[in-house]
Amino acid sequence: MSLILARRLMGAFFMALMLVSTPLMAAEGGFFDENFGNLKEELANAKAEGKSGVFLFFEMEECPFCHKMKTTVFSQPEVRDYFRKHFRILSIDINGDVELVNFKGQNTTQKKFAFEEYRVRATPVMGFFDLEGNLVAKYTGPTKDAKEFMLLGEYVVSGAYKQPNMNFTVYKKSKGQ
């Protein structure tokens, strides 16, 4: 009798775990675009779709700040909608050995791309790339909240990053943040 009860409790536990984790996985999956590891093609797709560029989220699996961004910021519908409208959205595992093609069309791995090309050592790092594959804005660490992350997107979409001496901190202050 106790074995049956233990099995039922384990079953209930795993069912509860699935119910809790499924919305988080759906929210995360809903933010990032599906891709096949070819950043040069992603640029072409962004151009064809009339987007402002490509947004790369450099992360690693065990990063608590990356997890926070995924569950509290990227899961917000207004964030997802705004970023999907303006960017191709991709994730790069800074420890990943998965092969990819960089913006120049060269074969590399996620790890080499992150570390050697963009000097990413800590996570999260958010990189915004224009339609030519040039890094136009880089933000290290999690944003304070969804509002700040939206402001970061607007900073790039509006072209404010092109103005002399207009870094993101100055832009935030100009918007009363």
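These remarks concern the structure in this document. (Residues numbered from 1 in each chain as written. Predicted model: local features only at pLDDT ≥ 70, side-chain atom pairs only at ≥ 80, totals over all residues. Heavy atoms only, no water.)

**Brief notes about the layout of surface pockets**
To locate leftover empty space, one rolls a probe as large as a water molecule over the atoms. Reported here for the largest pocket is a volume of approximately 210 Å³. Lining the largest pocket are 15 residues, and of these N35, L90, S91, I92 and Q110 lie nearest its centre. Going through the elements one at a time, β2 (87-93) and β3 (99-101) are the ones with two or more residues in the lining of the largest pocket. Its residues placed into classes, the lining of the largest pocket shows 6 nonpolar, 4 polar and 5 charged. (1 Å grid on protein atoms, 1.4 Å probe; cavity = no way out; pocket = protein on both sides within 12 Å on 5 of 7 lines; lining within 4 Å. Points joined across faces, edges and corners; volume = space filled by probe spheres on them. Helix = DSSP H or I, 4+ residues; strand = E, 2+ residues; numbered from the N terminus. Nonpolar A, V, L, I, M, F, W, Y, C, P; charged D, E, K, R; others polar.)

**Quick word on the sheet that holds strand β6 (residues 135-140)**
Strand order across the open sheet formed by 4 strands is β2-β1-β5-β6, with mixed pairing between neighbours. The two strands at the open ends of the sheet, each matched to only one other strand, are β2 and β6. Along the sheet, successive strands turn relative to each other by an average axial angle of 15 degrees, direction set aside. Here 7 bridges tie strand β1 (residues 53-59) to β2, and the two strands are oriented parallel to one another. Directly across from L56, in β2, lies its bridge partner L90. The strands that helix α3 (residues 64-73) touches are β1 and β5 (125-129); relative to β1, the one it contacts most, it runs at about 135 degrees. Sheet strands touched by helix α6 (residues 146-157): β1, β2, β5 and β6. Its angle to β6, the strand with the most contacts, is close to 165 degrees. (Pairing = 2+ DSSP bridges. Axes fitted to C-alpha atoms, helices over the stretch in contact; angles between N-to-C directions. Contact = heavy atoms within 4.5 Å.)

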